[in-house]
Number of protein chains: 2
Amino acid sequence: MMARKRKPGLSERHRKVLDVLEGFHNTNGFPPTIREIGQMAEIPSTSLVNYYLKQLQEMGYIERESRRSRGIRLLKNAAGEVIQQVQQAAENVQRQAEAVLRIPLAGRIVASAPAPVPGSDFNYFDEESAVEVARSLLPGREKPEELYALEVQGDSMIDAMVNDGDIVIMRRANEARNGEMVAVWLADKEETTLKYFYKEGRRVRLQPANPTMQPIIIEDPRHVQIQGKVVMVIRQLERPVSRSAAPLAV
Amino acid sequence: MMARKRKPGLSERHRKVLDVLEGFHNTNGFPPTIREIGQMAEIPSTSLVNYYLKQLQEMGYIERESRRSRGIRLLKNAAGEVIQQVQQAAENVQRQAEAVLRIPLAGRIVASAPAPVPGSDFNYFDEESAVEVARSLLPGREKPEELYALEVQGDSMIDAMVNDGDIVIMRRANEARNGEMVAVWLADKEETTLKYFYKEGRRVRLQPANPTMQPIIIEDPRHVQIQGKVVMVIRQLERPVSRSAAPLAV
DNA sequence: ATATAACACGAACATCTGTTCTGTGTCAAG
DNA sequence: CTTGACACAGAACAGATGTTCGTGTTATAT
């Protein structure tokens, strides 16, 4: 004759014990004793607490160190969530913090003036004006210190497929390789523009991103001052905040 | 007559005790007893361990619960770093995890076919094809489940200032308010396009983002099928990985 | 109905653990 | 040299703590 089987899963008291274990450790920094568990979970006998702890151990919710006071390690809580060790948690914070890069917003880029380039003493921790970009979106090799952001002002760069209000992520550079998009100051025209850069012999060809438009050929390379390379363009159609007054967070 | 004063700061044994406290708690999940500290820090007498613990408590490195076994909370380690409680650490992880949103890449958008819209059973946890975007870049009110990403294929959307290879972040929607940019399928022309949406009486005006281009007027609203709203456009000039084969991480 | 396992209570016990007390040696300032 | 704070050792003790044993109750499969 078969006797009754224990129902699978956690009973009310199992759950209570796990809650006590989690709460106690969170507030005190160390696990409770059997008697403390009994008091908080309203289980009057130490042997009964031990009885439940044994079951929780078999079910993989806790680990116990035999004969050691407070020798209980919580592995999963009542909700089944895995409990992290402090060390692991710290590592996770570290890893997650690296997932986002805060790129300083150095200013605005307009056609009528050279593009701003932050100096080496630029305050990178200006909380008010930074653009947050997931690191996975950026080329891994970058040094984050070389990156800065500019907000585009005006419609003058539509031939580069860049609109008023767009944010361009730039990398410091004074020269470029063929095929890279750069911000250039054209000294003769007194104009800033975003173009694909091609050095062809002595002259420089600046190709618009819009394939329907014609390139600019500059015979004297001294008239082409490279302000930085364009790494990314971000356009927010539905702004988190009002357009230009509040800090831009991307 | 003045007797000698204790040197300020931590002695070798202070440091040793703190190291033991940190290491023991990291490996066991609970603090050591006085005798365990003594063994590991090579301090033979319990009273001497107690003597040092008292000093560390006065210096603010630890907290002690009187008369409780293992009643030691580490506040700062030997390097002076503040030790986080498990709960705090978990909250930090939580907060940091929320800083980045993984948006599923639902497919490609081309002019010649309706834009893909993921079904409600879409697998959001497809690790291979997701775009990571900092939450601060997105409008806060969004339900993340409503967002998906599309990669633009072809040059057909240059009038929307969107280029081949760009990534558009979309939000599910079947209708739009005036001024919002939407992806629409034009049933009569059999064409997908990105335009600013304006309902004017019975007819619909679709305005290109490029201000130099002319709007499309559609007299029969049934020919305009809204596939989704455009929330953001991301253009990566220097790709982290090869253009289309590998997973896109933004 | 009845055997059996699950659930429950309380007491007893050996050990663990924090605390305290006494004592010793060292070392620098007076 | 004296003095007194500091560093250290060992022992003793009261209370805390995990464990075990005996016993009783309850629910369930047969």
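Our structure's up above, just so we're on the same page.
Below you will find a few notes about this structure.

Rules behind the numbers
Residues numbered from 1 in each chain as written. Chains lettered and ligands numbered in written order. Predicted model: local features only at pLDDT ≥ 70, side-chain atom pairs only at ≥ 80, totals over all residues. Axes fitted to C-alpha atoms, helices over the stretch in contact; angles between N-to-C directions. Helix = DSSP H or I, 4+ residues; strand = E, 2+ residues; numbered from the N terminus. Parallel < 35°, antiparallel > 145°, perpendicular 65-115°, else oblique. Contact = placed C-beta atoms within 7 Å. Nonpolar A, V, L, I, M, F, W, Y, C, P; charged D, E, K, R; others polar. Buried ≥ 20, exposed ≤ 12 C-beta atoms within 10 Å, placed from the backbone. Arc of directions from axis to C-beta. Pairing = 2+ DSSP bridges.

### Details of the packing of helix H1 (residues 12–28) of chain A against helix H3 (residues 46–58) of chain A
Residues and elements named next belong to chain A.
Logical step 1: At a minimum axis separation of 10 Å, H1 and H3 run at an interaxial angle of 85°. Taken together, the axis directions place H1 and H3 in an arrangement best described as roughly perpendicular. Of the residues in H3, those in contact with Arg13, His14, Val17 and Leu18 of H1 are Tyr52, Gln55 and Leu56.
Logical step 2: Each residue belonging to the contact of H1 with H3 can be placed in one class, and the counts come to four nonpolar, two polar and one charged.

### With respect to helix H2 (residues 34–41) of chain A
Residues and elements named next belong to chain A.
Logical step 1: Considered for burial, the residues of H2 that qualify are Ile37, Gly38 and Ala41. Down the axis of H2, the sector holding all buried residues measures 100°, keeping them to one side.
Logical step 2: Looking at the buried side of H2, the elements it contacts are H1 and H3.
Logical step 3: Immediately downstream of H2, the backbone of Glu42 shows phi near 60°, a positive value.

### A look at the pairing of strand E5 (residues 147–152) of chain A
Residue and element names in this part refer to chain A.
Logical step 1: Counted residue by residue, E5 has six buried out of six residues, so it is predominantly covered.
Logical step 2: Burial along E5 is two-sided: the residues Leu147, Ala149 and Glu151 and Tyr148, Leu150 and Val152 are all buried.
Logical step 3: Across five bridges, the pairing between E5 and strand E6 (residues 167–172) is antiparallel. Within the sheet, the bridge partner assigned to Leu150 lies in E6 and is Val168.

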